[in-house]
Amino acid sequence: MTVTDSQKMAYVAAQAADARVNLQFETEDGMTLNMGPQHPATHGTLRIVAQLDGEQVVRCEPIPGYMHRGYEKLCEVRTYPQVTTLINRIDWLGSFANEVPFILAAEKLMDVEAPPRAQVIRTILFELSRLGNISLFLGDLGIQLGGITIGFYAFRDREFVLNQIEAATGGRFHPNFDRIGGLKDDLPKGWIAETHRAMDRMRRLCDEFEELVLGNEIFQARTRGIGVIPADIATSYGMSGANLRATGVDWDLRRDACPPGLSYDLADWKVWTHPDGDSYARTWVRLQEVRESTHIVDQLLDSIPAGPIMAKVPRIIKVPEGEAWVATENPLGEMGYYVVSKGDLVPFRVKIRSASFNNISVVPWVTRGVFVPDVITIMASLYFILGDIDR
Amino acid sequence: MGLVESGKLPKPLTQLLSLSRKYSLWVYQWGLACCAIEMGSAFASPRYDVMRLGVIPFPASPRQADLVVISGTVTDKMAPAVKRLYDQMPDPKYVISMGSCANCGGPYWDSYSVTKGVDQIIPVDVYVPGCPPRPEALLEGIVLLQERIGREDMAERWKGDPIVVG
């Protein structure tokens with residue numbers, strides 16, 4: 001096959017376009033390593049440009065924006081019920097958890113409160129989405145470090161959680177189930193017993209993970225003391241969630257600042273922290289969180305009160321003028337919505353604070369001086385989701 | 001292989017080639033957004049297990065791949081990379097567009113930063129609708145693509161309309 005001139009020119013242009021970006025990082029000695037935007041170890045389309053000295057990273061720069069879909073602007077042209085459809089897809093692994101803070105903010109503005117039954121079921125679904133999210137992290141971390149087995153195990157057991165979400169909401173992935181003033185539907189028959197069984201499976205997955213991965217010598221060698229983030233650095237970069245708790249800061253919005261509309265106080269549970277702040281600590285904290293979540297779900301399932309599922313709200317939702325900020329502890333960390341309403345059908349402005357963007361902003365700091373394979377471990381253990389970074 | 005390009009291959013040979021291509025599809029993992037997780041469920045989960053269909057989901061580079069599943073939102077910033085990776089794949093190559101975003105923009109149809117449909121950049125063989133599609137839907141898309149590859153004649157390539165699942 002002959003190469004035409006136009007093909008040749010297109011190739012040269014593509015090469016030149018890449019070279020321009022790389023040149024910014026080029027120095028006289030050392031080399032520039034470009035990972036992404038499509039790279040198996042970046043969980044999607046994060047691009048990392050690392051400047052290397054031998055095998056050590058001198059400077060490492062994440063380049064986000066490849067998954068920017070313009071949520072904040074789109075929220076301004078969607079009505080309040082339509083916004084939940086959209087924001088489901090920000091952190092696509094914990095979809096239901098994305099809806100909750102926005103709905104709570106709208107409820108705050110409208111001055112309605114969901115009935116107690118809806119609040120408890122909402123909390124259960126919130127925790128189920130956390131389980132679906134973090135169980136994939138556990139599997140993915142194994143895959144990043146070369147142990148594919150645990151990835152298969154995680155995908156296998158995650159399906160049981162997704163089944164429960166699907167049975168209750170009708171959607172495996174993006175439920176769009178939360179409504180202003182309650183929930184769309186009541187639970188189906190037999191759901192509670194089935195969810196108890198799914199929680200047992202998740203606890204078994206945790207045990208398997210502990211034996212297969214956490215106790216593994218290779219895993220420990222690659223994560224202990226790697227990517228250490230001290231508590232003051234973590235707080236100054238605005239990290240939240242398990243990444244912050246792994247640095248020893250005992251801070252969980254579910255316990256410390258739970259907004260009205262979620263009923264975590266009905267359950268007896270514990271916030272886990274780890275003093276080390278390295279990759280191992282982040283993994284360990286997340287594993288304990290999965291366990292704790294299953295206990296929360298188990299307790300809440302046995303204490304669902306009877307009653308209606310939906311409060312009295314008008315058919316066409318107009319939110320009165322005002323501003324509200326609600327943040328909850330999402331699977332990845334603190335996620336908040338600042339909703340400004342002008343009394344219209346659509347929000348005037350929605351500011352979304354998602355956890356991954358702040359969690360990933362520490363990458364240039366934490367990757368200075370580490371070896372190239374450790375970049376993968378650090379990125380995997382920081383655990384971000386691209387939609388959550390770029391929005 | 002000059003015969004193949006001029007379309008003069010004897011029919012039994014074409015069928016043999018098509019048969020072997022059909023059951024040895026190497027899929028490049030092109031996880032972009034939400035759909036990537038459902039693609040992961042279809043490819044890596046024991047419940048769906050794509051390998052029983054003769055699809056191998058772990059090539060290390062697009063240069064080893066026959067099929068690419070565009071799973072998720074293609075943004076304008078990402079589009080050049082999509083095109084470039086498609087160009088790196090050796091012919092014959094196939095594209096499955098998975099999910100509403102890759103098909104037509106989906107829920108971001110009025111977004112300023114999203115490419116409305118990956119078919120603006122690269123030719124698509126199978127469209128799998130859904131947001132995201134269930135893993136079963138992706139598997140059906142792969143089966144339909146295999147049927148088409150089985151019937152394919154090199155000289156007739158690209159003349160058919162794209163398949164829409166469901």
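A brief look at the structure comes next. Residue positions are counted from 1 within each chain, in the order its sequence is given. For naming, the first written chain is A and the first written ligand is 1, with later ones following in the order written. Given that this is a predicted model, residues contribute local features only at a pLDDT of at least 70 and side-chain atom pairs are listed and counted only at 80 or more, while totals for whole chains, interfaces and linings are drawn from all residues. Side-chain measures were taken over the full set of non-hydrogen atoms in the model, leaving aside hydrogen atoms and water.

Some words on the overall build of chain B
Per the convention used, a helix needs a DSSP run of H or I reaching at least four residues, while a strand needs a run of E reaching at least two, with both numbered from the N terminus. Helix and strand counts for chain B come out as six helices and six strands. The N-to-C order of helical and strand elements in chain B reads α-α-β-α-β-β-α-β-α-β-α-β. Residues are treated as being in contact if the distance between any of their heavy atoms lies within 4.5 Å. Excluding contacts between residues fewer than 6 apart, the proportion of contacts in chain B whose partners are at least 24 apart in sequence is 77%. Only carbon and sulfur atoms are counted for the fraction: they give 59% of the accessible area of chain B, which is about 7200 Å². Using the Shrake-Rupley algorithm and a 1.4 Å probe, accessible areas are obtained, with residue cover drawn only from the displayed protein chains.

Some remarks on the overall build of chain A
Scanning chain A from terminus to terminus reveals 16 helices and eight strands. Each principal axis of the C-alpha distribution contributes one length, and for chain A these read about 70 × 50 × 50 Å. For chain A, buried positions account for 59% of its 391 residues. In chain A, once contacts between residues fewer than 6 apart in sequence are set aside, the share between residues at least 24 apart is 72%. For chain A, the accessible area works out to roughly 15200 Å², and carbon and sulfur atoms hold 55% of it. Note that His is not counted, nor are the chain ends; the positive residues are Lys and Arg, and the negative ones are Asp and Glu. Where a charge lies is defined by one atom per residue type: Lys uses NZ, Arg uses CZ, Asp uses CG and Glu uses CD. Both charge centroids of chain A, one from 40 positive and one from 50 negative side chains, sit 6 Å from each other. Buried residues are those whose accessible area, probed at 1.4 Å on protein chains only, stays under 20% of the maximum for their type, while exposed residues exceed 50% and partly exposed ones sit between those limits.

Concerning the sheet that holds strand S8 (residues 349–353) of chain A
Residues and elements named next belong to chain A. Overall, antiparallel pairing links the three strands, which are arranged S6-S7-S8 in an open sheet. Bordering the open sheet on either side are strand S6 (322–330) and S8, each of which pairs with just one other strand. Each strand axis lies, on average, 10° off the axis of its neighbour in the sheet, ignoring direction. A pair of strands is labelled paired if DSSP reports no fewer than 2 bridges between them. Direction of pairing for S6 relative to strand S7 (residues 333–341): antiparallel, over a ladder of nine bridges. Within S7, the position partnered with threonine 328 by the bridge is methionine 335. Along the sheet, helix H4 (residues 95–110) contacts S6, S7 and S8; its crossing angle with S6, the most-contacted strand, is approximately 150°. Note on geometry: axes are lines fitted to C-alpha atoms, helical ones only across the stretch in contact, with angles between N-to-C directions running from 0 to 180 degrees.

As for the packing of H4 of chain A against helix H5 (residues 116–144) of chain A
For any two helices packed against each other, the geometry is given by the interaxial angle and the distance between the axes. All names here are of chain A. For the pair H4 and H5, interaxial distance at closest approach is 7 Å and the crossing angle is 145°. For the pair formed by H4 and H5, the contact residues are Ser95, Phe96, Ala97, Val100, Ile103, Leu104 and Glu107 on the first element and Arg122, Leu125, Phe126 and Ser129 on the second. The nonpolar class holds Ala, Val, Leu, Ile, Met, Phe, Trp, Tyr, Cys and Pro. Asp, Glu, Lys and Arg form the charged class, and all remaining residues, Gly among them, are polar. Per-class residue counts for the contact of H4 with H5 are seven nonpolar, two polar and two charged.

Topic: the interface of chain A and chain B
Counting residues at the interface gives 36 residues for chain A, matched by 34 residues for chain B. As a working definition, buried area equals the accessible area (1.4 Å probe) given up by two parts on being put together, with both sides summed. For the pair chain A and chain B, the summed buried surface comes to about 3000 Å²; carbon and sulfur atoms form 58% of the total. We count a salt bridge whenever a side-chain nitrogen from Lys or Arg sits within 4 Å of a carboxyl oxygen from Asp or Glu. Across the pair arginine 134 of chain B and glutamate 166 of chain A runs a salt bridge whose closest N-O atoms are separated by 2.6 Å. Pairs of N or O atoms within 3.5 Å make up the polar contacts considered here, provided that, within protein, one atom can donate a hydrogen while the other can accept it, and that residues adjacent in sequence are counted only when both atoms are side-chain atoms. Viewed at the interface, chain B and chain A are joined by 15 residue pairs in polar contact (both at pLDDT 80 or more). Of all the secondary-structure elements, those providing two or more residues to the side of chain A that touches chain B are helix H1 (5–23), helix H2 (71–75) and helix H6 (149–169) of chain A. Examining the composition of the side of chain A that touches chain B, we find that eight residues originate from one element, H6 of chain A, more than from any other. Split by residue class, the side of chain A that touches chain B holds 17 nonpolar, nine polar and 10 charged.

Overview of H4 of chain A
Residue and element names in this part refer to chain A. Compared with the 22 Å implied by 1.5 Å per residue over 16 residues, the 23 Å span of H4 between its first and last C-alpha is a close match. Counting buried positions along H4 yields 15 of 16 residues, so the element is predominantly enclosed. Where H4 ends, the next residue or the one after it, aspartate 111, has phi of about 60°, a positive value. Multiply 1.5 Å by the residue count of a helix minus one, and that product is the helix's expected span.

Considerations on the pattern of salt bridges
Summed over the entire model, instances satisfying the criterion amount to 32 salt bridges over all chains. A salt bridge links glutamate 38 of chain B to arginine 172 of chain A, with the shortest nitrogen-to-oxygen separation between them at 2.8 Å. Taken together, the residues span two chains, with glutamate 38 of chain B in helix H3 (residues 34–44) and arginine 172 of chain A in the loop between H6 and strand S4 (178–179). Overall, the relative accessible area of 1% leaves glutamate 38 of chain B in the buried class. Through salt bridges that share partners, Glu127, Arg130, Arg245, Asp252, Arg254, Glu289 and Glu329 of chain A make up one connected network.

Notes on a nonpolar patch on the surface
Patch membership requires over 30% relative accessible area and the absence of a salt bridge. Like charges are linked within 9 Å, and nonpolar side chains (Val, Leu, Ile, Met, Phe, Trp, Tyr) within 5 Å. Taken together, the side chains of Ile143, Ile148 and Phe152 of chain A together with Met51 and Phe58 of chain B make up a nonpolar region of the molecular surface, amounting to roughly 420 Å² of accessible area. By the element assignment, isoleucine 143 of chain A lies in helix H5.

What to know about the nonpolar core
Here is a general trend for soluble globular proteins: nonpolar side chains tend to be buried in one another's company. Trp92, Ile124, Leu128 and Tyr337 of chain A together with Trp30 and Ile70 of chain B are the most contacted members of the largest nonpolar core, which has 146 residues in total. Residue contributions to this core peak at 13 residues, all from H5 of chain A. Excluding residues within four positions of it along the chain, tyrosine 337 of chain A makes contact with Ile87, Ile90, Asn98, Pro101, Phe102, Ala105, Ala324, Trp325, Val326, Val350, Lys351 and Ile352 of chain A. Core analysis: the second largest hydrophobic core is formed by 23 residues, Leu25, Val27, Val126 and Leu138 of chain B among them. Residue types Ala, Val, Leu, Ile, Met, Phe, Trp, Tyr and Cys, when buried and joined through side-chain atoms within 4.5 Å, form a set referred to as a nonpolar core.

A look at the pairing of strand S4 (residues 94–98) of chain B
Residues and elements named next belong to chain B. Of all the five residues making up S4, five are buried; the element is thus mostly covered by neighbouring parts of the structure. Examined bridge by bridge, strand S3 (residues 67–71) and S4 share five bridges and lie parallel to one another. Looking at S4, one finds that valine 68 is bridged to valine 95. Seen with its strands pointing away from the viewer, a crossover is right-handed if its path from the first strand over the helix to the second goes clockwise. Read from S3 through helix H4 (residues 79–88) to S4, the crossover connection turns out right-handed. Here three bridges tie S4 to strand S5 (residues 126–128), and the two strands are oriented parallel to one another. Across the sheet, methionine 98 pairs through a bridge with valine 128, a residue of S5. Between S4 and its parallel partner S5, the chain crosses via helix H5 (residues 99–104), and the hand of that crossover is right-handed.

Details of H5 of chain A
All names here are of chain A. Here H5 is 29 residues long and its end C-alpha atoms lie 42 Å apart, about the 42 Å a rise of 1.5 Å per residue gives. The buried fraction of H5 amounts to 26 of the 29 residues, a majority that puts the element mostly inside the structure. In the stretch just after H5, glycine 146 is the one whose phi turns positive, near 95°.

Re the packing of aromatic side chains
By convention here, two paired aromatic rings are described through the distance between centres and the angle between planes. Residue and element names in this part refer to chain A. Any Phe, Tyr or Trp ring, taking Trp's six-membered ring, that has another such ring centre within 6.5 Å forms a pair; planes under 30 degrees apart are called stacked, those over 60 apart edge-to-face, and the others tilted. In total, this model carries eight aromatic pairs over all chains according to the counting rule given. Ring geometry for tryptophan 272 and tryptophan 284: centres 5.6 Å apart, planes at 80°, overall edge-to-face. In this pair, tryptophan 272 sits in the loop between helix H11 (253–256) and helix H12 (279–301) while tryptophan 284 sits in helix H12, placing the two residues 12 residues apart along the sequence. The partly exposed category is assigned to tryptophan 272, whose relative accessible area is 25%. Feature note: the residues Tyr80, Phe102 and Tyr337 constitute an aromatic cluster, connected by ring pairs. Here, over-ring charges are defined by two tests on the NZ atom of lysine or the CZ atom of arginine: distance to the ring centre within 6 Å, and angle to the ring normal within 35 degrees. Just above the ring of tryptophan 272 sits the side chain of lysine 270; from NZ or CZ to the centre is 4.3 Å. One cation-aromatic arrangement involves arginine 286 over phenylalanine 137; the distance from NZ or CZ to the ring centre is 4.7 Å.

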